[in-house]
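Summary of the model geometry
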Amino acid sequence: MWNNRILSGSKFLALGLVFLAFLAGASNQASAKESKVKLVSESELLEPITVQIEKIKPQPSIILVNKNLEVVAEFYGSWEVLKEQFNQTFENTSFLAAYKSQSIYMITPEVTKK
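Please read these numbers as outputs of a predicted model, since none were measured by experiment. (Residues numbered from 1 in each chain as written. Predicted model: local features only at pLDDT ≥ 70, side-chain atom pairs only at ≥ 80, totals over all residues. Heavy atoms only, no water.)

**Description of the overall build of the protein chain**
The number of helices and strands found in the protein chain is four helices and four strands. Mapped from its N terminus to its C terminus, the protein chain presents α and β elements in the order α-α-β-β-α-α-β-β. A buried classification covers 12% of the 114 residues belonging to the protein chain. Here the protein chain has roughly 10700 Å² of accessible surface; of this, 61% comes from carbon and sulfur atoms. (Helix = DSSP H or I, 4+ residues; strand = E, 2+ residues; numbered from the N terminus. Buried < 20%, exposed > 50% of the residue type's maximum accessible area, 1.4 Å probe, protein only. Areas by Shrake-Rupley, 256 points an atom, 1.4 Å probe, with all protein chains shown as cover.)

**Considering unusual backbone geometry**
If you check the backbone angles, L69 has positive phi at about 60° while not being a glycine. Positionally, L69 belongs in the loop between strand 1 (62-65) and strand 2 (71-75). According to the relative accessible area criterion, L69 is exposed, its value standing at 59%. Unlike most non-glycine residues, K100 shows phi in positive territory, near 50°. Structurally, K100 can be placed in the loop between strand 3 (93-99) and strand 4 (102-107).

**A word on the sheet that holds strand 2**
Strand pairing in a sheet relies on backbone hydrogen bonds. The paired strands run either parallel or antiparallel. If you walk across this open sheet you meet the four strands as 2-1-4-3, and the pairing is mixed. The open sheet has two edge strands with one neighbour each: strand 2 and strand 3. Each strand of the sheet is rotated relative to its neighbour by a mean of 20°, with strand direction disregarded. Looking at chain direction, strand 1 and strand 4 are connected through four bridges and run parallel. Within strand 4, the position partnered with I62 by the bridge is S103. (Pairing = 2+ DSSP bridges. Axes fitted to C-alpha atoms, helices over the stretch in contact; angles between N-to-C directions.)

**Observations concerning the pairing of strand 1**
Taking every second residue as pointing to the same face, both faces of strand 1 are buried, with I62 and L64 on one and I63 and V65 on the other. Looking at chain direction, strand 1 and strand 2 are connected through four bridges and run antiparallel. Bridge assignment links I62 to a residue of strand 2, and that residue is F75. As consecutive antiparallel partners, strand 1 and strand 2 are separated by five residues, and within that stretch L69 has a phi angle of approximately 60°, a positive value.

**Quick word on the pairing of strand 3**
Here strand 3 runs beside strand 4; their pairing, made up of six bridges, is antiparallel. In the sheet register, S94 faces strand 4, and the bridge partner there is M106. The antiparallel hairpin formed by strand 3 and strand 4 contains two residues in its connecting segment, where K100 sits at a positive phi of about 50°.

**Details of the packing of aromatic side chains**
One pass over the full model with this rule turns up four aromatic pairs. Between F75 and F86, the ring centres sit 4.8 Å apart and the planes meet at 55°, which makes this aromatic pair tilted. Within this pair, whereas F75 is found in strand 2, its partner F86 is found in the loop between helix 3 (79-85) and helix 4 (87-91), the two being separated by 11 residues in sequence. The exposure class assigned to F75 is buried, which follows from its relative accessible area of 10%. The exposure class of F86 is partly exposed, given its relative accessible area of 32%. Ring geometry for F90 versus Y105: centroids 5.9 Å apart, planes at 70°, classification edge-to-face. Of this pair, F90 sits in helix 4 while Y105 is found in strand 4, placing the two residues 15 residues apart along the sequence. With a relative accessible area of 6%, F90 lands in the buried category. Look at Y105 and you get buried, because its relative accessible area is 8%. (Phe/Tyr/Trp six-rings, centres within 6.5 Å; stacked < 30°, edge-to-face > 60°.)

Geometric values such as these leave the question of function open.
As structure tokens, then:
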């Protein structure tokens, strides 16, 4: 009985060695296949992109809108200089909003003096 156990143990060991040899062979084949793969860098995959930027329109300093919020006029330049030059125009406006260096005014109808 003890002799049978040794035999079955040696069969088990032999089967284990065959299995390990099979795994080692499969691993070598996989690494051989991987070595055949050509590595390509991202710069080779991407085509060069050409971007043409035309002249960008500057943002107006002051925008005048009507009661329907349609843009009536845009003023470019220093706020103080524009207010001085177009004083009569800005007397008939109401301030709506401002963001950074931009201001929006709504043109109000002129009130006739009695």
